[in-house]
Amino acid sequence: MDTDDLGLFGPGSVTWKVHEEPILIVAGLRSLYLQALHPRAMAGVAQNSNYRADAWGRLVRTSTYVATTIYGTTAEAEAAGRRLRTLHARLRATDPFTGAEFRVDEPDLLRWVHVTEVESFVSTARRAGLALTDDEVDGYYTEQRRSAALVGLDPADVPGTAAEVEAYYRDVRPELRMTREAAETALFLTAPPIPWKVSRPVKLGLHLGPPRWAYLGIAGTALGMLPPWALRLYGGLGLPTTALSAELSARALRLALTAVPRRYREGPLQQAAKERAARLTAA
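Residues numbered from 1 in each chain as written. Predicted model: local features only at pLDDT ≥ 70, side-chain atom pairs only at ≥ 80, totals over all residues. Heavy atoms only, no water.

The next thing to look at is the packing of helix α3 (residues 39-46) against helix α10 (residues 180-190). Contact geometry for α3 and α10: axes closest at 9 Å, N-to-C directions at 65 degrees. Here the hand of the crossing between α3 and α10 comes out left-handed. Where α3 abuts α10, its residues M42, A43 and A46 lie against E181, A182 and T185. Per-class residue counts for the contact of α3 with α10 are 4 nonpolar, 1 polar and 1 charged. (Axes fitted to C-alpha atoms, helices over the stretch in contact; angles between N-to-C directions. Helix = DSSP H or I, 4+ residues; strand = E, 2+ residues; numbered from the N terminus. Left-handed = near helix turned anticlockwise from the far one by under 90°. Contact = heavy atoms within 4.5 Å. Nonpolar A, V, L, I, M, F, W, Y, C, P; charged D, E, K, R; others polar.)

With that out of the way, let us pick up α10. Taken together, the buried positions of α10 are occupied by A182, T185, A186, F188 and L189. Along the axis of α10, the buried positions cluster into a sector of 165 degrees, meaning they face one direction only. For α10, the exposed residues set more than 90 degrees away from the buried face come down to R180 and L187. (Buried < 20%, exposed > 50% of the residue type's maximum accessible area, 1.4 Å probe, protein only. Arc of directions from axis to C-beta.)

With that settled, the discussion passes to the side chain of E143. Relative to the elements of secondary structure, E143 occurs in helix α7 (residues 134-143). Of the side chains bearing the opposite charge, R146 lies closest to the buried E143, which forms no salt bridge; the N-O distance is 5.2 Å. In this view, E143 contacts F9, S13, V14 and T15; residues no more than four positions away in its chain are not counted. (Lys, Arg positive; Asp, Glu negative; His and termini not counted. Salt bridge = Lys/Arg side-chain N within 4 Å of Asp/Glu carboxyl O.)

In this structure, V18, L29, Y33, Y140, Y169 and L226 are the most contacted members of the largest nonpolar core, which totals 65 residues. The biggest single contributor to this core is helix α6 (residues 107-127), with 7 residues. Not counting chain neighbours up to four residues away, the residues in contact with Y33 comprise A186, L189, T190, A219, A222, L223, L226 and Y234. Formed by 5 residues, the second largest nonpolar core is a distinct cluster that contains L110, A148, V151 and V158. (Core = buried A, V, L, I, M, F, W, Y, C linked by side-chain atoms within 4.5 Å.)

With that out of the way, let us pick up helix α15 (residues 268-282). Counted at 1.5 Å a residue, the expected span for α15 with its 15 residues is 21 Å, and the 21 Å between its end C-alpha atoms agrees. The set of residues buried in α15 consists of Q270, A273, R276 and A277. Looking straight down α15, one finds its buried side chains confined to an arc of 125 degrees; they lie on one side. Looking at α15, the residues exposed on the side facing more than 90 degrees away from the buried face are P268, E275 and A282. In this structure, the buried side of α15 is in contact with α1 (14-19) and α4 (55-71). (Expected span 1.5 Å × (residues − 1).)

This part covers the environment of A77. For A77, the location among the structural elements is in helix α5 (residues 74-89). On the accessibility criterion, A77 (0% relative accessible area) is buried. Sequence separation between A77 and Y65 is 12 residues, and the spatial gap between their C-alpha atoms is 8.3 Å. Those residues in contact with A77 that sit more than four places away from it in its chain are L8, T68, T69 and L150.

Mean pLDDT for the protein: 89, with 90% of residues reaching 70 or above. Below a pLDDT of 50 lies the segment residues 196-210, which in the model reaches 13 contacts outside its immediate sequence neighbourhood of four places, other chains included. (pLDDT = per-residue confidence, 0-100.)

Across all of its chains, the model carries 16 salt bridges by this definition. Close ionic contact of K17 with E136 constitutes a salt bridge, the shortest N to O distance being 3.1 Å. Taken together, the positions of K17 in helix α1 and E136 in helix α7 put the pair 119 residues apart, joining distant regions of the chain. On the basis of relative accessibility, which here comes to 23%, the residue E136 falls in the partly exposed class. Of the charged contacts, one joins E247 and R127 as a salt bridge, the two residues approaching to 3.1 Å between their closest N and O atoms. One end of the pair, E247, is in helix α13 (residues 242-258); the other, R127, is in helix α6, and 120 residues separate them in sequence. Its relative accessible area of 23% is what places R127 among the partly exposed residues. If you follow the salt bridges from partner to partner, you end up with E20, R262, E266 and K274 in one network.

Put into structure tokens, the structure is as follows:
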């Protein structure tokens, strides 16, 4: 197998265009708020992880996995997928309503996580100001079927266009609800512990320095960009202007982040992929 190729996507893909965007930090958080609304998916996470005790470590591991699938070589992406499938195959959880045990790698659960993630990525990037045509959005969903295959899904069973994603959400919504675990997770996502090295205590011992306020702004934007039906499940969070305010905030944040020099906002996998692409193109 070629160990020095352009990977699953490459520089001409819609995927690279979307994932070039630093605003995807908001998209990742938005996807977690969505995922928490699926009781079985939420039970699988809550019963098999220490995300509360190691929230930032989990975030780093998840970000590294996504970056590997997007920017790694084909061999690296496939190896990451194998590791994830091996991990998931061992995990079981108990349905919070029926008490039945289930595997966390059931296709329905994997599909829910995949769709909420990729839909959050492309919709957030577009609403934040990235110019994408409808065909490009459909192209992104189609390309991301390759990522779905890595976790063990049949690409043919995964929505590959915006219309198919909309239909999928419509079909799955009866299964979604606000549970205690969903509420607790949403609260945790909105105000997680900030690593002490970047937080500064103020009066009364509260950690409300710039990192905390910056994160609260990102979390508020992510919540505001949820679909209306998801906000209703969360109890109608926000005012009627929430969606517009969140979109304006996302656009402002995108402008601020894109002003940061690339060497500071691009990870090592992304930088290596661009260097590899330039070398292979020139060869």
